[in-house]
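So you can see what is in the structure, the chains are spelled out below.
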Amino acid sequence: ALIVGINYSSVMKPSSGALNGCVNDAMMIAYLLKKNFGFTDRDISLLADEKPAAPTVAVAGPPTRQNIITGMRHLVSGVGPGDSLFFHFSGHGAQQRDTDGDEDDGLDETILPLDYKSKGVIVDDEIYEILVRTLPAGVRLTAVMDCCHSGTGMDLAYTHHVEDGTGRGQTMRVVPGEASTRGVESNDRFIPILLVAGTIMAGHAASSSSNKKYKKKKAVRKKPDPVADVFCFSGCADNQTSADTNALAGNATTGAMTYSFIEAIEKGGHDWHSFTYRSFLIAIRKKMKEKRFKQTPQLSSGRPLNLDTPFRI
């Protein structure tokens, strides 16, 4: 597993983008993997930019661009049939102009490493190339991306709707939705203005203006479907933001989606083994809706998926 949590407190002010819950998210996910899914400390590489208040696994290093890329490559190196991989990112997400014509809205999704100002962002095309494209058949990769504009953050072809009676995947690059409503003292995981060349303003209003600036074209899917089983649970749709909030875990700040993902597994009212991908996504969304978050967690996959397939990590 590769787990990344970035609060950006060393590079941003609280009023201009610093977060509070991302390192907490990373520690909670590490604990979940060890408690419920049989992962050991040796199986987990965790990158964080702050000393965790309640460490559940040792921090391997800072979440710089190079360390994240190296961690991704290490995660998929030497894997074979029967291997189960997990990737979690909690931090800032953004969008920038698509240059290869594979996005219906004309925008690539990005994640921001700690040193994004000097080293740049990590684009969804790059994430796909490193984590997805080379995986062999028989490998399962599950990802959780708790950041803004993360709906197609791994550039997987199929975004799924639980209302779809067929349970089949659909190539829908943007799912309509609103910007997230902030919970109690919550912050959205985007930066008002990103000082990165080529990166546009993030947030719902920026997405709308960006769609006017970058004329929509019919996307041409240039990536082949992977032969491995790849699934991504993301905090929101591409045109939404994800909340960093203290409304869910007492005095602790967490990501709304990460907390709901964990709660669905640990307190879902039944053994998590009985979840299907459909019922698990519904459980996550239900917990978000109960707390009046308007961001809509998404499920995407690398290949067509029957949503009544049993959920596994």
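Use the structure listed above.
Residues numbered from 1 in each chain as written. Predicted model: local features only at pLDDT ≥ 70, side-chain atom pairs only at ≥ 80, totals over all residues. Heavy atoms only, no water.

Caption draft 1: A look at the overall build of the protein. Check the secondary structure of the protein and you find 7 helices and 14 strands. Classification of the 313 residues of the protein by burial places 58% in the buried group. Here the contacts in the protein between residues at least 6 apart in sequence split such that 74% fall between residues at least 24 apart. (Helix = DSSP H or I, 4+ residues; strand = E, 2+ residues; numbered from the N terminus. Buried < 20%, exposed > 50% of the residue type's maximum accessible area, 1.4 Å probe, protein only. Contact = heavy atoms within 4.5 Å.)

Caption draft 2: Highlighting the packing of helix H6 (residues 256–266) against helix H7 (residues 277–290). Contact pair H6 / H7: the axes reach a minimum separation of 9 Å and the direction vectors enclose 125°. Looking at the two axes, H6 sits oblique to H7. When the axes of H6 and H7 are compared, the crossing they make is right-handed. The segment H6 lies against H7, with Ala256, Met257, Ser260, Phe261, Glu263, Ala264 and Ile265 engaging Phe280, Ala283, Ile284, Lys287 and Met288. Looking at the contact of H6 with H7, its residues break down into 9 nonpolar, 1 polar and 2 charged. (Axes fitted to C-alpha atoms, helices over the stretch in contact; angles between N-to-C directions. Parallel < 35°, antiparallel > 145°, perpendicular 65-115°, else oblique. Left-handed = near helix turned anticlockwise from the far one by under 90°. Nonpolar A, V, L, I, M, F, W, Y, C, P; charged D, E, K, R; others polar.)

Caption draft 3: Representation of the packing of aromatic side chains. Overall, the coordinates contain 11 aromatic pairs when judged by the stated rule. On the basis of an interplanar angle of 75° and a centroid distance of 5.2 Å, the ring pair of Phe261 and Phe280 is categorised as edge-to-face. Here the residue Phe261 occupies a position in helix H6, and Phe280 occupies one in helix H7, the gap between them amounting to 19 residues. As far as burial versus exposure is concerned, Phe261 and Phe280 are alike and both buried. Taking 4.2 Å as the distance between ring centres and 20° as the angle between the ring planes, the aromatic pair formed by Phe280 and Phe311 counts as stacked. Pair noted here: Phe280 is in helix H7 and Phe311 is in the segment after strand E14 (298–301), with a separation of 31 residues, a long-range link. One exposure class covers both Phe280 and Phe311, and it is buried. (Phe/Tyr/Trp six-rings, centres within 6.5 Å; stacked < 30°, edge-to-face > 60°.)

Caption draft 4: Structural context of the environment of Gly38. Of note, Gly38 is situated in the loop between helix H1 (22–37) and strand E2 (45–48). Taking relative accessible area as the criterion, Gly38 reaches 58% and is therefore assigned exposed. Sequence-distant contacts of Gly38, that is, excluding residues within four places in its chain, are made with Leu33 and Asp43.

Caption draft 5: Representation of the nonpolar core in the model. Of all hydrophobic cores here, the largest spans 43 residues; its most connected members are Leu33, Phe233, Phe261, Phe280 and Phe311. Counting only elements with at least two residues in this core, the list comes to H1, E2, strand E11 (229–234), strand E12 (243–249), H6 and H7. (Core = buried A, V, L, I, M, F, W, Y, C linked by side-chain atoms within 4.5 Å.)

Caption draft 6: Main features of the packing of helix H2 (residues 65–76) against helix H4 (residues 124–132). For the pair H2 and H4, the least separation of the axes is 8 Å and the interaxial angle reads 35°. Contacts between H2 and H4 involve Arg65, Ile69, Met72, Arg73, Leu75 and Val76 from the former and Glu126, Ile127, Ile130 and Leu131 from the latter. Residue composition of the contact of H2 with H4, grouped by class: 7 nonpolar, no polar and 3 charged.

Caption draft 7: Region of the structure containing the sheet that holds strand E3 (residues 59–61). Pairing within the open sheet is mixed, and its 8 strands lie in the order E3-E2-E1-E4-E8-E11-E14-E9. Every other strand in the sheet has two partners, leaving E3 and strand E9 (158–160) as the edge strands with one partner each. For this sheet, the mean inter-axis angle between neighbouring strands, taken without regard to orientation, is 25°. Where E2 lies against E3, 2 bridges are found, and the strand directions are parallel. (Pairing = 2+ DSSP bridges.)

Caption draft 8: Broad picture of the side chain of Asn7. Inspection of the secondary structure assignment puts Asn7 in the loop between strand E1 (2–5) and H1. Looking at Asn7, its side chain comes within polar contact range of the side chain of Glu50, at 3.1 Å. (Polar contact = N/O pair within 3.5 Å; in protein donor to acceptor, adjacent residues only side chain to side chain.)

Caption draft 9: Geometry of the pattern of salt bridges. One pass over the full model with this rule turns up 7 salt bridges. Residues Arg65 and Glu126 are paired through a salt bridge, measuring 2.6 Å at the closest nitrogen-oxygen approach. Residue Arg65 is found in helix H2, and its partner Glu126 is found in helix H4; the two are separated by 61 residues along the sequence. Judged by relative accessible area, which is 24%, Glu126 ranks as partly exposed. For Arg133, the salt bridge goes to Glu129, with nearest N and O atoms at 2.6 Å. (Salt bridge = Lys/Arg side-chain N within 4 Å of Asp/Glu carboxyl O.)

The quantities given are spatial measurements derived from coordinates; they are silent on function.
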